[in-house]
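Structure assessment
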Number of protein chains: 2
Amino acid sequence: MTEIEKTLHNKRVRPTAMRILIYKYMAGKNSAVALTDIENAFDKAERTTLYRTLKTFEEKGLVHQIDDGTNVSKFALCEPGCNCEIDQDLHLHFHCGNCDKTVCLTEHKIPHINLPQGYIAEDANLVIKGICESCSQH
Amino acid sequence: MTEIEKTLHNKRVRPTAMRILIYKYMAGKNSAVALTDIENAFDKAERTTLYRTLKTFEEKGLVHQIDDGTNVSKFALCEPGCNCEIDQDLHLHFHCGNCDKTVCLTEHKIPHINLPQGYIAEDANLVIKGICESCSQH
DNA sequence: AGAACTGTGCAACAGAAGTGCATTTTAATG
DNA sequence: CATTAAAATGCACTTCTGTTGCACAGTTCT
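Thresholds applied
- Residues numbered from 1 in each chain as written.
- Chains lettered and ligands numbered in written order.
- Predicted model: local features only at pLDDT ≥ 70, side-chain atom pairs only at ≥ 80, totals over all residues.
- Heavy atoms only, no water.
- Contact = heavy atoms within 4.5 Å.
- Buried area = accessible area lost by both parts, 1.4 Å probe.
- Salt bridge = Lys/Arg side-chain N within 4 Å of Asp/Glu carboxyl O.
- Helix = DSSP H or I, 4+ residues; strand = E, 2+ residues; numbered from the N terminus.
- Pairing = 2+ DSSP bridges.
- Axes fitted to C-alpha atoms, helices over the stretch in contact; angles between N-to-C directions.
- Least-squares fit on C-alpha atoms with pLDDT ≥ 70 in both.
- Buried < 20%, exposed > 50% of the residue type's maximum accessible area, 1.4 Å probe, protein only.
- Near = heavy atom within 4 Å.
- Polar contact = N/O pair within 3.5 Å; in protein donor to acceptor, adjacent residues only side chain to side chain.
- Nonpolar A, V, L, I, M, F, W, Y, C, P; charged D, E, K, R; others polar.
- Core = buried A, V, L, I, M, F, W, Y, C linked by side-chain atoms within 4.5 Å.

- Under an unreviewed UniProt entry, the name given to chain A is Fur family transcriptional regulator, ferric uptake regulator, and the source organism is Maribacter litoralis.

Here it is in structure tokens:
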């Protein structure tokens, strides 16, 4: 049993061939991926399978969905300690307008905001847009 | 010349009948509107016209586009003093999961975030999700 | 082996966003 | 006021993402 199979198993996700491939693919990227990215990476892949796989991963707390403002949902693996399916891990995300990549800044949590009277916060999404580390060096 | 016509004129937007209607509609709402909302409000309206009208309004600084995480673009009128087409007015937005409305909290600016070395911020989007004022009273 | 369940593939649909082109409306000018 | 150029509008269509239903394949359990 490989590391990845163990990880899937720990999160109660049956480690099928496809799921392992998808997990491996995501683990190899340092930025969030869109469904279409995975689809293009393996040309044998079915959109539906990927779609449902990502949903399963998300439900089981293996990945989290990111809305970076591009109107395309992105996904990124959760950090080892992250329990975002129970208690949200509200880190912020950075979207580079140059290379179009979105990365998690897991060390940077969303600051607490005082809302007006009557408003109840349950979730938050903060995306910073600009130029990322590798693009700014050129 | 009405107030609205003056406002459009000041922003170099030709005040056509449709534009005045759209502006009036948005001014009457206290929450952000989607293109579909306007389409449904006037059944004579053409999607394309609305689409391009909103784009024009946005370019000329009459409205700002809001990405509230619903994957549907919303728009809201800019406040009188707002010059968000030049120098962004980074207030935050609140999306209510109950009534599905999105509102601007113009008094609440997005706090400054210290990014890691090499990252350059140009824009930011912060959306708080939860229960809004009027929904929490029931 | 057979039953029951889960995962996968195919086809199709829904909704939003966006484009090209012809026509109408508006503003500007003589 | 008639003419004309530019801007706005309406219509038809395309593309892309997300989503669902259903049938089939693969897995697990007894």
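Overview of the interface of chain A and chain B
- Across the contact, 33 residues belong to chain A and 33 residues belong to chain B.
- Here chain A packs against chain B, burying approximately 2800 Å² in sum over the two surfaces, 63% of which is carbon and sulfur.
- Contact with chain B buries area across many residues of chain A, yet A:Ile113, A:Tyr119 and A:Lys129 alone supply 19% of it, more than any other trio.
- Counting across the interface, chain A meets chain B through zero salt bridges.
- Those elements that place two or more of their residues in the side of chain A that touches chain B are β4 (91-96), β5 (102-109), β6 (120-131) and α5 (133-136) of chain A.
- Tallying contributions element by element places β6(A) first for the side of chain A that touches chain B, with 12 residues.

Structural notes on the sheet that holds strand β1 (residues 33-34) of chain A
Residues and elements named next belong to chain A.
- In space, the three strands of this open sheet follow the order β1-β3-β2, with antiparallel pairing throughout. The open sheet terminates on both sides in strands that have one partner only, identified here as β1 and β2 (63-66).
- As paired strands, β2 and strand β3 (residues 74-77) are joined by four bridges and run antiparallel to one another. Its bridge partner being in β3, Val-63 is matched across the sheet by Leu-77.
- Those strands touched by helix α2 (residues 17-28) are β1, β2 and β3, and its axis lies near 85° from that of β3.

Details of the sheet that holds strand β3 (residues 74-77) of chain B
Residue and element names in this part refer to chain B.
- Strand order across the open sheet formed by three strands is β1-β3-β2, with antiparallel pairing between neighbours. Looking at which strands have only one partner, the edges of the open sheet turn out to be β1 (33-34) and β2 (63-66).
- Two elements, β1 and β3, share two bridges in a ladder whose sense is antiparallel. Its bridge partner being in β3, Ala-34 is matched across the sheet by Lys-74.
- Helix α2 (residues 17-28) rests against β1, β2 and β3 of the sheet, and its axis sits at about 85° to β3.

Side note on the relation of the copies chain A and chain B
- Rotating chain A by 180° about the axis while translating it 0.0 Å along that axis superimposes it on chain B, leaving an RMSD of 0.1 Å. The operation mapping one copy onto its partner corresponds to a two-fold rotation axis. Across chain A, the rotation axis passes nearest the C-alpha of A:Leu126, at a separation of 2.2 Å.
- Comparing interface residues between copies, 100% of those in chain A also lie at the interface in chain B; the contact surface is shared.

Details of the pattern of salt bridges
Residues and elements named next belong to chain B.
- For the coordinates displayed, the defined rule picks out six salt bridges over all chains.
- A salt bridge links Glu-3 to Lys-6; its shortest N-O distance comes to 3.7 Å. Of this pair, Glu-3 and Lys-6 both sit in helix α1 (residues 3-10), three residues apart, which is roughly one turn of the helix.
- Assessed through its relative accessible area of 56%, Glu-3 is described here as exposed.

Considerations on the protein's contact with DNA strand C
- Around DNA strand C lies a shell of 16 residues, among which A:Arg14, A:Thr16, A:Arg19, A:Arg52 and B:Arg47 are the nearest.
- A distance of 2.9 Å is found between a phosphate oxygen of DNA strand C and a side-chain nitrogen or oxygen belonging to A:Thr49.
- Classifying every residue of the surface near DNA strand C by side-chain character gives two nonpolar, seven polar and seven charged.

Quick word on the environment of B:Lys129
- Topologically, B:Lys129 is positioned in strand β6 (residues 120-131).
- Discounting chain neighbours no more than four positions away, the residues touching B:Lys129 are A:Ile120, A:Ala121, A:Glu122, A:Asp123, B:Asp68, B:Gly69, B:Phe94 and B:His95.

Remarks on the nonpolar core
- Formed by 30 residues in total, the largest nonpolar core has its most connected members in A:Phe94, A:Leu126, A:Ile128, B:Phe94, B:Leu126 and B:Ile128.
- For this core, the secondary structure elements donating two or more residues are β4, β5 and β6 of chain A together with β4 (91-96), β5 (102-109) and β6 of chain B.

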